[in-house]
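# What the coordinates show
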Amino acid sequence: MRAAALLSGGKDSVLAAHLAAEEGYELTHGITVIPSNPESRLFHVPNADLGTVIARAMGLRPVRVRSGRGDAADLRALARALRRLDVDALVSGAIASRYQRERLDRVCRRLGIEPVHPVWGLDPFEELELLLERGFEVVIVAVAAAGLDASWLGRRLDEAAVRDLRRLHDRYRVHPAGEGGEYETLVLDAPMYRERLVIERAVKRWEGDSGYLEIREVRTEPKDRGGTARPR
């Protein structure tokens, strides 16, 4: 089945696309919704524009969607974009939010296409371990929870970071996958990528008890057939 993948550039959406491809879906497009609401409960906000870069890095045709105000307007804009595509399914990175999944399912039903949620219900620590096992290169680009300070911005999601997230989960009940908005991520490299992303310029923005990494410039570099970046 031909499928479009919702791509924010975050770990959930990229992992979902990866798993869908393993399940046999033919991914053709990467759709990035630029939410009008900075507090959107449906779509990833920090550095959302990089979703199109991610799509190209994966060899997909990028589709960039902007909408009016609010989640309903974002969903209408997504539906309009999907109607123009020759796809049979929509892949999302919904992992625990029923609000997100139910609304995406509703859009798919109206369009007569299959909703695909490969990471739905996945244990959050299992997801983190899966990312490490599969060689995903993930950085944290926003934090908003107790125990997550400015030092986490730009930090790689590695074994040490996962251990720290376990401690924060035990102490503050921080959701390990950041499902409550505790943190957001950007995937710089993954098995499906034909090119990896390199952050050239970024600025940490911190206000009170939360902040984000404003990525001002990225470049891509090609990978050899073994999946490693070739020096330029």
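None of the values given here were measured: they were computed from a predicted structure. (Residues numbered from 1 in each chain as written. Predicted model: local features only at pLDDT ≥ 70, side-chain atom pairs only at ≥ 80, totals over all residues. Heavy atoms only, no water.)

### Concerning unusual backbone geometry
The backbone of Arg173 shows a phi angle near 65°, a positive value even though the residue is not glycine. Residue classification places Arg173 among the exposed residues on the basis of a relative accessible area of 56%. (Buried < 20%, exposed > 50% of the residue type's maximum accessible area, 1.4 Å probe, protein only.)

### With respect to the nonpolar core
With 52 residues, the main nonpolar core has Leu7, Leu148 and Tyr193 as its most contacted residues. The element contributing the most residues to this core is helix α1 (residues 11-22), with 6 residues. Sequence-distant contacts of Tyr193, that is, excluding residues within four places in its chain, are made with Val14, Ile54, Ala57, Met58, Val187, Leu188 and Lys223. Formed by 21 residues, the second largest nonpolar core is a distinct cluster that contains Ala81, Leu82, Val87 and Leu90. (Core = buried A, V, L, I, M, F, W, Y, C linked by side-chain atoms within 4.5 Å. Helix = DSSP H or I, 4+ residues; strand = E, 2+ residues; numbered from the N terminus. Contact = heavy atoms within 4.5 Å.)

### Describing a positive patch on the surface
On the surface, a cluster of positive charge is made up of Arg76, Arg80, Arg83, Arg84, Arg106, Arg109 and Arg110. Counting only elements with at least two residues in the positive patch, the list comes to α3 (70-83) and α4 (98-111). When you line up the elements, Arg109 lands in helix α4. Using a relative accessible area of 58% as the deciding quantity, one classes Arg109 as exposed. (Patch = residues over 30% accessible without salt bridge, like charges linked within 9 Å, V, L, I, M, F, W, Y side chains within 5 Å. Areas by Shrake-Rupley, 256 points an atom, 1.4 Å probe, with all protein chains shown as cover. Salt bridge = Lys/Arg side-chain N within 4 Å of Asp/Glu carboxyl O. Lys, Arg positive; Asp, Glu negative; His and termini not counted. Charge placed at Lys NZ, Arg CZ, Asp CG, Glu CD.)

### Description of the sheet that holds strand β4 (residues 89-91)
Ordered by their spatial adjacency, 5 strands build an open sheet running β3-β2-β1-β4-β5, and the pairing between neighbours is parallel. Two strands in the sheet have a free side with no partner beyond their single neighbour: β3 (61-66) and β5 (114-116). Across the sheet, the axes of successive neighbouring strands diverge by a mean angle of 25°, strand direction being ignored. Across 6 bridges, the pairing between strand β2 (residues 26-34) and β3 is parallel. Its bridge partner being in β3, Ile34 is matched across the sheet by Arg66. (Pairing = 2+ DSSP bridges. Axes fitted to C-alpha atoms, helices over the stretch in contact; angles between N-to-C directions.)

### Brief notes about helix α5 (residues 124-133)
What α5 keeps buried is the set Pro124, Phe125, Glu127, Leu128, Leu130 and Leu131. Buried-residue contacts for α5 involve α1, α6 (159-172) and β7 (183-189). Backbone nitrogen of Phe125 and a side-chain oxygen of the N-cap are separated by 3.0 Å at the start of α5; the cap is Asp123. (Polar contact = N/O pair within 3.5 Å; in protein donor to acceptor, adjacent residues only side chain to side chain.)

### Side note on the pairing of strand β6 (residues 137-143)
Counted residue by residue, β6 has 7 buried out of 7 residues, so it is predominantly covered. Direction of pairing for β6 relative to strand β9 (residues 210-222): antiparallel, over a ladder of 2 bridges. Along β9, the bridge assignment pairs Ala142 with Tyr212.

### Observations regarding the packing of aromatic side chains
All told, the structure shown has 0 aromatic pairs when counted by the stated rule. The ring of Trp152 carries the charged tip of Arg155 above its face, separated from the ring centre by 4.3 Å. The ring of Phe125 has Arg166 lying over it, and the distance from NZ or CZ to the ring centre is 4.0 Å. (Phe/Tyr/Trp six-rings, centres within 6.5 Å; stacked < 30°, edge-to-face > 60°. Lys NZ or Arg CZ within 6 Å of the ring centre and 35° of its normal.)

### Structural notes on the sheet that holds β6
In space, the 4 strands of this open sheet follow the order β7-β6-β9-β8, with antiparallel pairing throughout. The outermost strands of the open sheet, each flanked by one partner alone, are β7 and β8 (195-207). When strand polarity is set aside, the average angle formed by the axes of neighbouring strands in this sheet is 25°.

### Overview of the side chain of Lys11
For Lys11, the location among the structural elements is in helix α1. If sequence neighbours within four positions are ignored, Lys11 has contacts with Glu127, Leu128, Leu131, Val138, Leu157, Ala177, Tyr183, Thr185 and Val187.

### Points about a negative patch on the surface
A cluster of like negative charges, contributed by Glu129, Glu133, Asp158 and Glu159, occupies part of the molecular surface. Mapped onto the elements, Glu129 comes out in helix α5.

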